[in-house]
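# Coordinate analysis (summary)
Here is how the chains run, residue by residue.
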Amino acid sequence: QVQLVESGGGLVQAGDSLRLSCAVSEPTFNLYTMGWFRQAPGKEREFVAGINWNGGRTVIADSVKGRFTISRDNAKKTGSLQMNNLKPEDTAVYYCALDMNVLRLSDATSDYMYWGQGTQVSVSP
């Protein structure tokens, strides 16, 4: 069974940075597209960033473009989300996820089969 474990969340002030990590148990991690999503209280889960199987292509949501960067290390079977200049509206539970379709870089939650348990990011004004 594929397992994803996020880490790196916490409580920070506006303008601070955090780096989220996602450790993946799947040996063929390099065949998966990886995405990061977030869900704030009372809101739907939304796409934040995605990266294709070899890291050669990324997609960043407009709401975080210029502040967040996604990366992956296939040898270590990990993915990362670097978040700079955090804002209170970034407060949410952040999830990493895997899409088995290596040809697709999707922003739809329904396209991602495997999910982590989430890590809380809270940004104070």
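Residues numbered from 1 in each chain as written. Predicted model: local features only at pLDDT ≥ 70, side-chain atom pairs only at ≥ 80, totals over all residues. Heavy atoms only, no water.

## As for the overall build of the protein
From N to C terminus, the protein includes 0 helices and 11 strands. Here the protein has a C-alpha radius of gyration of 13 Å; the compact-globule value for 125 residues is 14 Å, and the two agree. Within the span of the protein, comprising 125 residues, buried residues form 42% of the whole. Sequence separation of at least 24 residues holds for 59% of the intrachain contacts in the protein that already meet a minimum separation of 6. Within the structure as shown, the protein displays about 6,300 Å² of accessible surface, and the carbon and sulfur contribution to it stands at 48%. Mean positive and mean negative side-chain charge positions of the protein (12 and 12 charges, respectively) differ by 4 Å. (Helix = DSSP H or I, 4+ residues; strand = E, 2+ residues; numbered from the N terminus. Rg over C-alpha atoms; globule rule 2.2 N^0.38 Å. Buried < 20%, exposed > 50% of the residue type's maximum accessible area, 1.4 Å probe, protein only. Contact = heavy atoms within 4.5 Å. Areas by Shrake-Rupley, 256 points an atom, 1.4 Å probe, with all protein chains shown as cover. Lys, Arg positive; Asp, Glu negative; His and termini not counted. Charge placed at Lys NZ, Arg CZ, Asp CG, Glu CD.)

## Some details on the side chain of R38
For R38, the location among the structural elements is in strand β4 (residues 33–39). In this structure the side chain of R38 is engaged in a polar contact, spanning 2.6 Å, whose partner is the side chain of E46. If we skip the residues at most four places from it in the chain, R38 touches E44, R45, E46, V48, S63, V64, F68, E89, D90, A92, V93 and Y94. (Polar contact = N/O pair within 3.5 Å; in protein donor to acceptor, adjacent residues only side chain to side chain.)

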